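# Report on the structure
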Amino acid sequence: MAIAVYPGSFDPITKGHMDIVERAAQIFDELIVAVVHNPSKKPLFTMEERVEMIRVASQHLTNVTVKSFSGLLVDFAKKEKANAIVRGLRAVSDFEIEFQMALMNKTLYPQAETVFLATTTDYAFISSSMVKEVASFGGDVQEYLPPIVQERMAEKYGKKGT
């Protein structure tokens, strides 16, 4: 059985992330969207909020589960018996750091392969940080977010920004 982990902070999850989730769900028997606690980041949404939003946004995908973790990705992947790690690439500039992480992960957990999925051109410029920044200044970011995230962004920023 092919089990993949798609890790990220997903603060918040965007349509670009969801594109990767939907495509990876077609490839693997089981896909675990793994929301990582990154102590070096100050998230807009709590871990619980991010997990819930992803669960709602991915509820139409029967082979997708959402979990949270802290620590090393490879330790989480081992615990879940995953044999693949999914990473999305928006631009060539993403590849260098992602490649380095893939090599380190392969060294630490040889049983898992990293699979890179290139984003579709519709979402190549979207990032969670850009969406948050635009929303914080009152910009309309609805077209970049799943409906549940649109609602939660409206709660965080008021009606402006969504």
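Residues numbered from 1 in each chain as written. Predicted model: local features only at pLDDT ≥ 70, side-chain atom pairs only at ≥ 80, totals over all residues. Heavy atoms only, no water.

## Comments concerning the pattern of salt bridges
This model, assessed by the stated rule, comprises ten salt bridges. In this structure, the salt-bridge partner of E52 is R152, at a minimum N-O distance of 3.1 Å. On the criterion of sequence distance, the pair formed by E52 in helix α2 (residues 47-57) and R152 in helix α6 (residues 147-157) is long-range, its members being 100 residues apart. Note on E52: relative accessible area 35%, which makes it partly exposed. Overall, R152 belongs to the buried group, its relative accessible area being 17%. Put simply, R90 and D94 hold a salt bridge, and the shortest N to O gap is 3.6 Å. Counted as one network, the salt bridges with shared partners bring together E52, R152 and E155. (Salt bridge = Lys/Arg side-chain N within 4 Å of Asp/Glu carboxyl O. Helix = DSSP H or I, 4+ residues; strand = E, 2+ residues; numbered from the N terminus. Buried < 20%, exposed > 50% of the residue type's maximum accessible area, 1.4 Å probe, protein only.)

## Quick notes on the packing of aromatic side chains
Taken as a whole and assessed by the stated rule, the structure comprises five aromatic pairs. For the ring pair Y6 and F10, a centre distance of 5.2 Å and an interplane angle of 70° mean the geometry is edge-to-face. On the accessibility criterion, F10 (3% relative accessible area) is buried. Each ring, one from F95 and one from F99, has its centre 5.3 Å from the other, and the planes form 20°; the classification is stacked. Residue F95 and its partner F99 are located together in helix α4 (residues 92-108), separated by four residues, close to a single helical turn. Exposure remark for F99: the relative accessible area of 38% places this residue in the partly exposed category. (Phe/Tyr/Trp six-rings, centres within 6.5 Å; stacked < 30°, edge-to-face > 60°.)

## What to know about the UniProt feature "binding site: substrate" (unreviewed entry) in the chain
Look at the UniProt record and you will see "binding site: substrate" (unreviewed entry) annotated at S9, K41, L73 and R87. Looking at the element boundaries, K41 is found in the loop between β2 (30-36) and α2. The class for K41 is partly exposed, based on a relative accessible area of 49%. Within the structure, the side chain of K41 is placed 3.4 Å from the side chain of S9, a separation counted as a polar contact. Setting aside anything within four residues of it in sequence, one finds R87 in contact with P7, E98, M101, T114, V115, F116 and L117. Side-chain polar atoms of R87 contact the backbone oxygen of P7, separated by 2.8 Å. (UniProt positions renumbered as here; feature names shortened; annotations may be inferred. Polar contact = N/O pair within 3.5 Å; in protein donor to acceptor, adjacent residues only side chain to side chain. Contact = heavy atoms within 4.5 Å.)

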